[in-house]
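Summary of the model geometry
Residue-level listing of the chains:
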Amino acid sequence: MLRGRFAPSPSGRMHLGNVFSAMLAWLSAKSRGGQIVLRVEDLDPARSKPAFVEAILDDLKWLGLDWDERAEDQSRRHQAYEAALERLGQMGLLYPCYCSRDQLHAASALQAASAPHASDGRIIYAGTCRNLTAEERALRPPTRCLRVKVPGETVAFTDGLQGPQSLSLQEEWGDFIVRRADGVAAYQLAVVVDDAACGVTEVVRGRDLLSSTPVQLWLYRALGLTPPSFVHVPMLLSTDGRRLSKRDRDLDLGQLRKAWPPEKVIGLLAWRCGLIDRWEAVSPRELAADFDWRRVRREDIVMTLPQ
Ligand code: GLU
Ligand code: ZN
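The following paragraphs examine the structure supplied in this document. Note that this is a predicted model, so its numbers are computed, not measured.

Some details on the sheet that holds strand β2 (residues 35–38)
- Taken together, the three strands give an open sheet; going across it, the order is β1-β2-β3, and neighbouring strands pair in parallel fashion. Where the open sheet ends on each side, the last strands, each with one partner, are β1 (3–6) and β3 (69–70).
- Alignment of β1 against β2, held across four bridges, turns out to be parallel. Within β2, the position partnered with R3 by the bridge is Q35.

In structure tokens form, the structure reads like this:
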């Protein structure tokens, strides 16, 4: 049984880009008799608001994107993440990182010219805390922050839309964080633990997460879990070339719901990604009847709002 998922973060109202990922996840699952699991990704207590959870669920229903099951919210899954960390720790893969944000920034400013960079410009963690001795650790103020010792390994996989991918964990990620200093599990860990626990077999999400997938695939393997397949869909861009974000208020569902019926919103996205030939009102159910990933474009989409 194919199981897809919606994994919204309740840090704002959904915008068109979020709707686009959710629509394609739903179509991919439903066109093949599969199911959708909804999981609220409210890991970050400072950014998640219960009011946004309600709004997002209401928006999904309004759009006709329903789900078969609701998994536990991430804020309630602390024990499961701790169990996974325990497992990684037993394999000797974790170490505490004492670096403060300021130290990391200062270190990266100092090393900017020489430090290893990922292809998107992020500075890779220099491994400062990797080889501290037990004595050195004992001298630092305790922290809950944990990093993974990333192996010198290149992870390859085939994305359902973007094709073959491969990425060097050390060059593109370095030792990444699995638990933050405040004790909250990091996204990379939580998403793997949860997708596995939910029995998700297909992850459909924005292309901005493509470079996270090798990290996640490596975590699946380390934890002895079966990974899903991945499909990374194009980003929606504003006319000035930026990715749409929760700041683009004119394209959030609050505004769109005032302007159009749900079928026009679905129809707009379906048209712009190549599923239909012109902008017309269409429901997800109608699109599912002959949905085919081969008709979905893989390049990013500039989103202009038709009047
Ligand atoms: N919660 C993430 C978001 O809303 C999605 C994470 C994922 O799909 O893996 O952007
Ligand atoms: Zn450190």
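A word on the pattern of salt bridges
- On inspection of all chains with the given rule, the structure shows 24 salt bridges.
- Where D73 meets R70, a salt bridge forms, and the shortest distance between an N and an O atom there is 3.0 Å.
- Taking relative accessible area as the criterion, R70 reaches 41% and is therefore assigned partly exposed.
- Two residues, E72 and R76, come together in a salt bridge whose shortest N-O distance is 4.0 Å.
- On the basis of relative accessibility, which here comes to 42%, the residue E72 falls in the partly exposed class.

Concerning the site of ligand 1
- Residues in close proximity to ligand 1 include R5, A7, S9, E41, Y187, V191, R205 and L209, which together make up its full environment.
- The contact in question runs from an oxygen atom of ligand 1 to an N or O atom on the side chain of R5, over 2.7 Å.
- Within the side chain of E41, one N or O atom sits 2.6 Å away from a nitrogen atom of ligand 1.
- With the chains in place, 77% of the 300 Å² that ligand 1 exposes on its own is no longer accessible.
- Of the residues belonging to the shell around ligand 1, the class tally is four nonpolar, one polar and three charged.

Some points on the packing of aromatic side chains
- One pass over the structure, following the stated rule, counts three aromatic pairs.
- The interplanar angle of 70° and the centroid separation of 6.4 Å between the aromatic rings of F157 and F230 together place this pair among those described as edge-to-face. Within this pair, whereas F157 is found in strand β6 (residues 154–159), its partner F230 is found in strand β10 (residues 229–233), the two being separated by 73 residues in sequence.
- With a relative accessible area of 4%, F230 lands in the buried category.
- Consider the rings of F291 and W293, whose centres lie 5.3 Å apart with planes at 75°: the pair is edge-to-face.
- In this structure, R272 packs its charged tip against the face of W271, placed 5.4 Å from the ring centre.

Rules of the game
Residues numbered from 1 in each chain as written. Chains lettered and ligands numbered in written order. Predicted model: local features only at pLDDT ≥ 70, side-chain atom pairs only at ≥ 80, totals over all residues. Heavy atoms only, no water. Pairing = 2+ DSSP bridges. Helix = DSSP H or I, 4+ residues; strand = E, 2+ residues; numbered from the N terminus. Salt bridge = Lys/Arg side-chain N within 4 Å of Asp/Glu carboxyl O. Buried < 20%, exposed > 50% of the residue type's maximum accessible area, 1.4 Å probe, protein only. Near = heavy atom within 4 Å. Polar contact = N/O pair within 3.5 Å; in protein donor to acceptor, adjacent residues only side chain to side chain. Areas by Shrake-Rupley, 256 points an atom, 1.4 Å probe, with all protein chains shown as cover. Nonpolar A, V, L, I, M, F, W, Y, C, P; charged D, E, K, R; others polar. Phe/Tyr/Trp six-rings, centres within 6.5 Å; stacked < 30°, edge-to-face > 60°. Lys NZ or Arg CZ within 6 Å of the ring centre and 35° of its normal.

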